[in-house]
Amino acid sequence: MALDVTTRPIKILLRKAKSGGKDRKKTSLPDIKPGDKIPDAEVVDVNFTRATVQVTGGKFGNAKNLRARIHVTMGESKSLPTQVVGKKKKKYVQDSPIEEEHSEPSITKDHPFYKWKAGKKLSDLTCVAVDARNGVAYVELTNQESDK
């Protein structure tokens with residue numbers, strides 16, 4: 001299950017179950033699990049909701065069947081306060097709410113991916129989730145420091 005937050009209203013995306021419930025391909029997947037450290041990675045693509053990265057270092061650096069990304073909720077923003085101060089009020093123009101346009105939101109200085117571009121080097125990432133599908137390991141990473 002996944003959420004598509006790029007559309008309004010937000011859509012819930014479901015994946016069709018395979019017959020038999022097992023992947024038929026028998027390929028060797030990288031032995032990665034949540035909590036594993038990724039020493040080095042490089043940003044391949046960035047948009048408002050996710051950054052696709054290529055793992056370049058450590059024992060997973062040469063894995064061909066590994067896809068990695070950092071979701072916006074897993075990215076660390078240096079400029080955001082750690083505590084929410086209060087609710088925002090709606091702005092009104094002549095007693096009607098301002099309509100929000102349906103365009104791609106911009107990445108501002110408070111966004112976790114601010115100033116990220118393809119080719120940016122990242123270090124000290126942590127695996128938070130792994131999903132194996134069709135012989136490929138899809139890995140969710142974070143650049144947030146753990147509380148340990």
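Please read these numbers as outputs of a predicted model, since none were measured by experiment.

## Considering the packing of aromatic side chains
Here a ring pair, both rings aromatic, is described through the centre-centre distance and the interplanar angle of the planes.
Point 1. All told, the structure shown has one aromatic pair when counted by the stated rule.
Point 2. With a centroid separation of 4.9 Å and 35 degrees between ring planes, the pair formed by F113 and W116 is classed as tilted.
Point 3. The buried category is assigned to F113, whose relative accessible area is 1%.
Point 4. By relative accessible area, W116 is classed as buried at 11%.
Point 5. Across the ring face of Y138, the terminal group of R133 is positioned such that the distance to the ring centre comes to 4.1 Å.

## Regarding the pattern of salt bridges
For side chains of opposite charge, pairing can occur when their charged atoms come near one another.
Point 1. Scanning all chains against the criterion turns up four salt bridges.
Point 2. The residue K121 makes a salt bridge to E42 at a minimum N-O spacing of 2.8 Å. Of this pair, K121 sits in strand β8 (residues 121-133) while E42 sits in strand β3 (residues 37-46), placing them 79 residues apart in sequence.
Point 3. According to the relative accessible area criterion, E42 is partly exposed, its value standing at 26%.
Point 4. When the shortest N-O distance is used, the salt bridge between R133 and D131 registers 3.4 Å.

Calculation rules
Residues numbered from 1 in each chain as written. Predicted model: local features only at pLDDT ≥ 70, side-chain atom pairs only at ≥ 80, totals over all residues. Heavy atoms only, no water. Phe/Tyr/Trp six-rings, centres within 6.5 Å; stacked < 30°, edge-to-face > 60°. Buried < 20%, exposed > 50% of the residue type's maximum accessible area, 1.4 Å probe, protein only. Lys NZ or Arg CZ within 6 Å of the ring centre and 35° of its normal. Salt bridge = Lys/Arg side-chain N within 4 Å of Asp/Glu carboxyl O. Helix = DSSP H or I, 4+ residues; strand = E, 2+ residues; numbered from the N terminus.

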